[in-house]
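The lines below spell out each chain.
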Protein chains: 4
Amino acid sequence: MIKAGIIGATGYVGAELLRLLLNHPLIEIGAISSVSFEGQEINKIYKNFLSKTDLICETMDDVIKKCDVIFTALPHGLSEGIAKKAIDSNKICIDMGADFRLTDEEEYKLWYGKDFSEPELHNQSVYGLPELNKEKIKEASLIANPGCYPTSIELGLMPLLKNSLIELKGIICDSKSGTTGAGRGLALNTHFPEENETFAPYNIGGHRHTPEIEEMLSTIAQDKVTVTFTPHLLPINRGILSTIYCNPKEEVNLEFLHKLYTDFYKNKPFVEILPIGETASIKNIRLSNNCHISLHLNHRKDQIIIISTIDNMIKGAAGQAIQNMNIILGFDETEGLNFIAPAF
Amino acid sequence: MIKAGIIGATGYVGAELLRLLLNHPLIEIGAISSVSFEGQEINKIYKNFLSKTDLICETMDDVIKKCDVIFTALPHGLSEGIAKKAIDSNKICIDMGADFRLTDEEEYKLWYGKDFSEPELHNQSVYGLPELNKEKIKEASLIANPGCYPTSIELGLMPLLKNSLIELKGIICDSKSGTTGAGRGLALNTHFPEENETFAPYNIGGHRHTPEIEEMLSTIAQDKVTVTFTPHLLPINRGILSTIYCNPKEEVNLEFLHKLYTDFYKNKPFVEILPIGETASIKNIRLSNNCHISLHLNHRKDQIIIISTIDNMIKGAAGQAIQNMNIILGFDETEGLNFIAPAF
Amino acid sequence: MIKAGIIGATGYVGAELLRLLLNHPLIEIGAISSVSFEGQEINKIYKNFLSKTDLICETMDDVIKKCDVIFTALPHGLSEGIAKKAIDSNKICIDMGADFRLTDEEEYKLWYGKDFSEPELHNQSVYGLPELNKEKIKEASLIANPGCYPTSIELGLMPLLKNSLIELKGIICDSKSGTTGAGRGLALNTHFPEENETFAPYNIGGHRHTPEIEEMLSTIAQDKVTVTFTPHLLPINRGILSTIYCNPKEEVNLEFLHKLYTDFYKNKPFVEILPIGETASIKNIRLSNNCHISLHLNHRKDQIIIISTIDNMIKGAAGQAIQNMNIILGFDETEGLNFIAPAF
Amino acid sequence: MIKAGIIGATGYVGAELLRLLLNHPLIEIGAISSVSFEGQEINKIYKNFLSKTDLICETMDDVIKKCDVIFTALPHGLSEGIAKKAIDSNKICIDMGADFRLTDEEEYKLWYGKDFSEPELHNQSVYGLPELNKEKIKEASLIANPGCYPTSIELGLMPLLKNSLIELKGIICDSKSGTTGAGRGLALNTHFPEENETFAPYNIGGHRHTPEIEEMLSTIAQDKVTVTFTPHLLPINRGILSTIYCNPKEEVNLEFLHKLYTDFYKNKPFVEILPIGETASIKNIRLSNNCHISLHLNHRKDQIIIISTIDNMIKGAAGQAIQNMNIILGFDETEGLNFIAPAF
């Protein structure tokens, strides 16, 4: 059986990936690693794993050695060297961090403050949004797994941009995310009494997902797209909902939009277009790999409003990584990912 | 001592107003009414009032007869007749519903499905946003207390519109509200297991605060303003945060904007402009009559983003109504409203 | 393939059971029914099912006719007649309501206000707590699926009672449940603004799970056991945590207790005894079929405190029902139930 | 005007006290201090204070010098020396920490791991539960402000213990608290994604409020009282609800209990006994200085269950401290504390 490994298994993304992979029928876990918890059982750190796994956190090198598919779940800047080792050992590497998401090194330097350390690898890496790049993913051995906010926004805009139906300037992406997106690290703004019963935006004009969004939307549109992206923190654990405002080049109606989206996504197993009149909501996709999209017009019918919602930890991270792995390994794209959102 | 009365005291807005008025040092409660709970003690219905008041719900006519200031907290369509009676009895009437908010009867008909029943009263009524209309409010005896979403949006945009600094078309108001805004009536979308741990917009393109926002922004700008308004429901009790996107006519910078807003609101006791670099958050105004506004630019510096946040039940309803009463009665505008938000 | 059906599929328990059964590898859904939503697609009522199933709500008779295993998820008093029909048609019936949980008809009459309508069926029914009754369940065709609170309490006390180690009088069960336990029906106490940010007990001295708890604990102890049971409502969706206080007949220590429990549950796949020094928490079992138990002494070491926690909708309802079905059908007890709690 | 000062103003208890004192009509703030934030404006740290106060954090000595009443809101072990200085300067000192709560130095050493550093001061200090010690508080200059859990439990049991109506052994106090009780310090168990949607006990058998509860209940009963105390953490910000189980010496009924409690607390402005049949709930006292108590029997009528609920930050800390100050200064006990809980 194919062996998968996780480097950085004790962060939220790593732990979520482990949870999903343990239920994947065609994969076994070869090894996991954690710098902070090396030598410790994962089920002591996350007690939901009690009796489900006895895996012990090993070193990165153990993971690379023992596994066929290496998932990296690390802060940005740490994955390039590991990916190099993995690729040099002929392993598949799926990076869940930001290191390979941008192709433009200048933009990377601008937003992340460092150069590419393994520039040649960036030519090999494929942006792992299966609804966009499935054919390329099939052939790839290095995947840049998309960011959570970008996934919700790119899926929400792809049919319009592919068909040149909207103005490319001034798209507004007002996104709201649950707190797991901020990770396991302690901070005052995610201290329970500070985050409970409140709501606020953060990093306005400065969130590092901005260049990823603009670069990928431009790739999709085959022309320069600019957005205003405003992330907000919701007092819930999981889920991203993006409210996207864009201006149609010509008058549109909902029936047209609905057909466009439905046709576009008809063979994409994880994207659902809601019926006209319904509104996407986090609760219907939370804890699943699904993306729900609903389509709306403002009251003057001169602006399109797209609601796109995903689970930030699954379709926005660990689930999408498994979807990429499935495609590379020739499995059914939905293998191990067919679980249904608990609506309550 | 001046006697205040509440018609509709057992809805959330009415009960919140009662809570605030009981602590107002210059007012006593003359009577309260409720159709559903007539004859019952309010402290049996809301047990937070135990030992704080023994008031019994009486009839509307009792309230009008016994009180000098009549607050109406009723579903739309029910206040006009009551306001007529109150005004005919030379009482002050502050309507917390929607009946007098729009001056354009055609718009009212379009969004509310009915005509004005007391059209002549609409000439007397004053839109009770003290930061805009304080002088008119002083002379008024009939106040249309603003809606909660419109309050947050109008306060957020007033300095820019008064100074003709932004494009009047295509302003986007992405607003998020706590669930008390939906009132005490039971509904599936506010059933705890359905609303907890989720987030979604509602009434896209169809929320009845839309014409109020457009009419008042146009009044402020003295020109036709159009907006796209999208309300969302937050899984918290209180607070509205509006993220407002607008396009400056000429390039602006944050220092300029900050000075503009600070000067504009310098004598307005309830509006605070946050220092540059800080972001408004519901937790700092929740359970107070304050509005916090923070100013931002997107990453290309070509769009202004305004964050404006209030407590929907206080500055967005009961507190603003008291502020209006204070102005009419010649009290200090802040009387009974100086309480500070509990930040946690 | 075996066909399962759900009568009452649109309540929370029914919908949760459907969600779990759709992922069960050895079962297909034959039919579902709902009186309120007959003729409607379940994915219109619960949008988490979009693209996951097109099942339409049929009639009860359709379910009985088309399926081999009939699950009833109905308010008490409605299952007896249906169970009769199912058993008479040689089907397996698993009742998730209260109708068959009590064997003492007098107690049933006292707490539920009605007689048994099919008294002879009560001789056939087996109380479906697999950790207690697995052998009987194997032979059964009619299962009384336990209540959620009783499951948490019975699993928490079984090793002590089976071994006659504690006083049988005065056991205190202080239980706390998420709001899904109250079902989909609207009520003021589960209206979001009323339930959020609060906490309170309910039905003190009068909750209908009390006689079930006492009857089953007495069965386990083979002697009369009495309890004080106090349920509380937590402002969360899922999970029950019971804090159980009991008095040891002789002095005990934690090592002894831990070994007792670990041995007792060693072949029970869903019950985990936490290491000494750790404390059971809802987050580690939520959305799984697991029960976590931790063992403690008070500061004088003269009282045992047991923390027992389950997901009220899964091990406390739908998951346990599937566990019972698996046992009856000769499947592995864990089939379709091996999913891991998402700890965040 | 009397000047009050807060030592430790930037912790949650200190900041809450400041919020309440700023609205106290007979007090002005002389100075506040914070070791961590010395020299900084409090409204930069807690933005709810924007435009409400410009106070700057000074040193402890500044506070003692400038103020008549010194409140200490510090981790245990730090207040004794400060209290000494304050008392030596003839100031009133109200310690909100644990340093003076226990009179038994051996118990203090056992639970807190240190000796009294100013043993003679302990003879002067008065336990500041006004419903028990009002006459002593009037004469005191050093107050040990009670713990939050102990306040809820002592108020709940006082009428029964004063009248020798219950067994003194084996009282069970199952208490649940909001997260503000854990303070502003970051910890994994109060990281939002870890604490949200869960519930668990903590420190079973080892919480430091245990000896305070036992010592004070014994003082009230004038005999040795033992309890089992189990604290739990609720996923809400504020509020403690204690479910207290005790055994009556002779049979009692609810009418008798209700009269006993109502009479006992009739001149105590902050304690309300709910009518028979109603149940105390955090929402009705949250953000107020009130304590709500409801009285119940179990289904066999052989055990008394008392529900006692307070806001942990107000009646359990800052509000009670002000109540003590009011009594010492000869103000009305309710001065500055009459605000009403917002029920939603």
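Right above here is the structure, for reference.
Scope of this entry: the structure provided in the associated data block. All values derive from a computational prediction rather than experimental measurement.

Facing the 46 residues of chain B at the interface are 47 residues of chain A. In this assembly, chain B packs against chain A so that about 3700 Å² is buried in total across both faces, 57% of it on carbon and sulfur atoms. Put simply, chain B and chain A have six salt bridges between them. Residue Lys176 of chain B pairs with Asp174 of chain A through a salt bridge whose shortest N-O separation is 3.1 Å. On inspection of chain B and its partner chain A, the count reaches 30 residue pairs in polar contact (both at pLDDT 80 or more). Counting residues per element, the ones that place at least two in the side of chain B that touches chain A are strand S8 (171–177), helix H9 (192–195), strand S9 (200–201), helix H10 (209–221), strand S10 (227–233), strand S11 (240–246), strand S13 (291–297) and strand S14 (304–310) of chain B.

Superposition record for chain B on chain A: RMSD 0.0 Å, screw rotation 180 degrees, translation along axis 0.0 Å. Viewed as a symmetry operation, the transformation between the two copies matches a two-fold axis. In this assembly, 100% of the residues forming the interface of chain B have copies in chain A that are likewise at the interface, indicating an isologous arrangement.

Now for a nonpolar patch on the surface. There is a patch of nonpolar side chains on the surface, built from Leu186 and Leu188 of chain A together with Leu186 and Leu188 of chain D and spanning about 290 Å² of accessible area. Along the chain, the position of Leu188 of chain D falls in the loop between strand S8 (171–177) and helix H9 (192–195). Given the relative accessible area of 33%, Leu188 of chain D is considered partly exposed.

Here the focus is the packing of aromatic side chains. Enumeration according to the criterion identifies 32 aromatic pairs over all chains in this entry. Note on Tyr12 of chain B and Phe344 of chain D: the rings are 4.0 Å apart at their centroids and 25 degrees apart in plane angle, and the pair reads as stacked. Of the two residues, Tyr12 of chain B sits in helix H1 (residues 12–22) while Phe344 of chain D sits in the segment after helix H12 (314–329), which places them in two different chains. Ring plane angle 50 degrees and centroid distance 5.1 Å describe the contact between Tyr108 of chain C and Phe116 of chain C, whose orientation is recorded as tilted. With a relative accessible area of 0%, Tyr108 of chain C lands in the buried category. When its relative accessible area of 8% is taken as the criterion, Phe116 of chain C is described as buried. Of note, Arg184 of chain D hangs over the ring of Tyr46 of chain D, and the distance from its end group to the ring centre comes to 5.0 Å.

With an RMSD of 0.0 Å, chain C superimposes on chain D once it is rotated by 180 degrees and translated 0.0 Å along the axis. Taken as a fraction of all interface residues of chain C, those also at the interface in chain D reach 100%, which identifies the copy contact as same-surface.

What counts, and where the lines are drawn
Residues numbered from 1 in each chain as written. Chains lettered and ligands numbered in written order. Predicted model: local features only at pLDDT ≥ 70, side-chain atom pairs only at ≥ 80, totals over all residues. Heavy atoms only, no water. Contact = heavy atoms within 4.5 Å. Buried area = accessible area lost by both parts, 1.4 Å probe. Salt bridge = Lys/Arg side-chain N within 4 Å of Asp/Glu carboxyl O. Polar contact = N/O pair within 3.5 Å; in protein donor to acceptor, adjacent residues only side chain to side chain. Helix = DSSP H or I, 4+ residues; strand = E, 2+ residues; numbered from the N terminus. Least-squares fit on C-alpha atoms with pLDDT ≥ 70 in both. Patch = residues over 30% accessible without salt bridge, like charges linked within 9 Å, V, L, I, M, F, W, Y side chains within 5 Å. Areas by Shrake-Rupley, 256 points an atom, 1.4 Å probe, with all protein chains shown as cover. Buried < 20%, exposed > 50% of the residue type's maximum accessible area, 1.4 Å probe, protein only. Phe/Tyr/Trp six-rings, centres within 6.5 Å; stacked < 30°, edge-to-face > 60°. Lys NZ or Arg CZ within 6 Å of the ring centre and 35° of its normal.

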